[in-house]
Amino acid sequence: MAVNSFMVPLGTPAPSFDLTAVNGGSVSLADLKGSPASLVVFLSNHCPYVRRIEKGLGALAADYGSQLSIIAICSNDSVNYPDDDATHLAEQAARAGFTFPYLLDETQEVAKAYHAACTPDFFLYDSGFALAYRGEFDGARPGNDVPVTGASLRAAVDAVLAGDPVDEHQNPSMGCGIKWKPGNAPA
């Protein structure tokens, strides 16, 4: 069942995190300090909404290079959804051309802190870690013929990089709901 993102209020500060990467090591929000724009995106390997746009996300990362810091986080319960374990996420990163860290939120506390609802769920921050955009990658969805371009997210990134305000009329992201561990879903 498709779920929409919660549309967290713009200007909300980015919650801190320190998570393990699927390929080892750890990454924290502080590691993004000094970037003109930072994207935190909640992903999964099994979700058809993510699969539909994952190569486009890899292309976006390549296009923006060092201008945009990107962190992907998987918060899904990998016990009940084994396609979202570290091994399968590493395979996804290779398949999609991800050049950015892919992190595991095993406690699901980071997803709760960000108010992530679905995969994919995008949170774009300015250089001061204030939320500038939360919404869709573009209009591509499983079952439609809309090309995967990342147009909605790219427009927001371009505005942040130019120091311009991002259009406040943003369409929510849509995807598979976060797979919460039993008793762990936010109230």
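Here is what the cut-offs are and how they apply
Residues numbered from 1 in each chain as written. Predicted model: local features only at pLDDT ≥ 70, side-chain atom pairs only at ≥ 80, totals over all residues. Heavy atoms only, no water. Buried < 20%, exposed > 50% of the residue type's maximum accessible area, 1.4 Å probe, protein only. Helix = DSSP H or I, 4+ residues; strand = E, 2+ residues; numbered from the N terminus. Pairing = 2+ DSSP bridges. Expected span 1.5 Å × (residues − 1). Bend = angle between axes of the 7 residues up to and from the residue. Contact = heavy atoms within 4.5 Å. Axes fitted to C-alpha atoms, helices over the stretch in contact; angles between N-to-C directions. Parallel < 35°, antiparallel > 145°, perpendicular 65-115°, else oblique.

Draft legend 1. The pairing of strand 9 (residues 131-135), seen in detail. With five of five residues buried, strand 9 lies mostly within the body of the structure. As paired strands, strand 8 (residues 121-126) and strand 9 are joined by four bridges and run antiparallel to one another. Looking at the pairing, Phe123 lines up with Arg134 of strand 9.

Draft legend 2. Fine view of helix 1 (residues 48-64). Under the 1.5 Å per step criterion, the end-to-end length of helix 1 is 25 Å for 17 residues, consistent within 8% with the ideal 24 Å. Along its length, helix 1 reaches its greatest deviation from straightness, about 45°, at Glu54. Looking at helix 1, one finds that the buried residues are Tyr49, Val50, Ile53, Glu54, Gly56, Leu57, Gly58, Leu60, Ala61 and Tyr64. Just downstream of helix 1, Gly65 is the residue with a positive phi angle, here 50°.

Draft legend 3. Highlighting helix 4 (residues 151-162). Here helix 4 is 12 residues long and its end C-alpha atoms lie 16 Å apart, about the 16 Å a rise of 1.5 Å per residue gives. Burial in helix 4 covers these residues: Leu153, Arg154, Ala156, Val157, Ala159 and Val160. Those residues of helix 4 that are buried are in contact with strand 4 (37-42), helix 1, strand 5 (68-74), strand 8 and strand 9. Backbone geometry just after helix 4 places Gly163 at a positive phi near 80°.

Draft legend 4. The arrangement of the packing of helix 1 against helix 2 (residues 86-96) in detail. Where helix 1 contacts helix 2, the two axes come as close as 8 Å, and the packing angle between them is 55°. Comparing the axis directions of helix 1 and helix 2 gives the class oblique. Contact with helix 1, carried on its side by Val50, Arg51, Glu54, Lys55 and Gly58, involves Gln92, Arg95 and Ala96 of helix 2 and no other residues of that element.

Draft legend 5. Broad picture of the side chain of Glu54. Examined against the element boundaries, Glu54 turns out to sit in helix 1. According to the relative accessible area criterion, Glu54 is buried, its value standing at 4%. If near-sequence neighbours (up to four positions away) are discounted, Glu54 is found in contact with Gln92, Arg95, Ala96 and Phe98.

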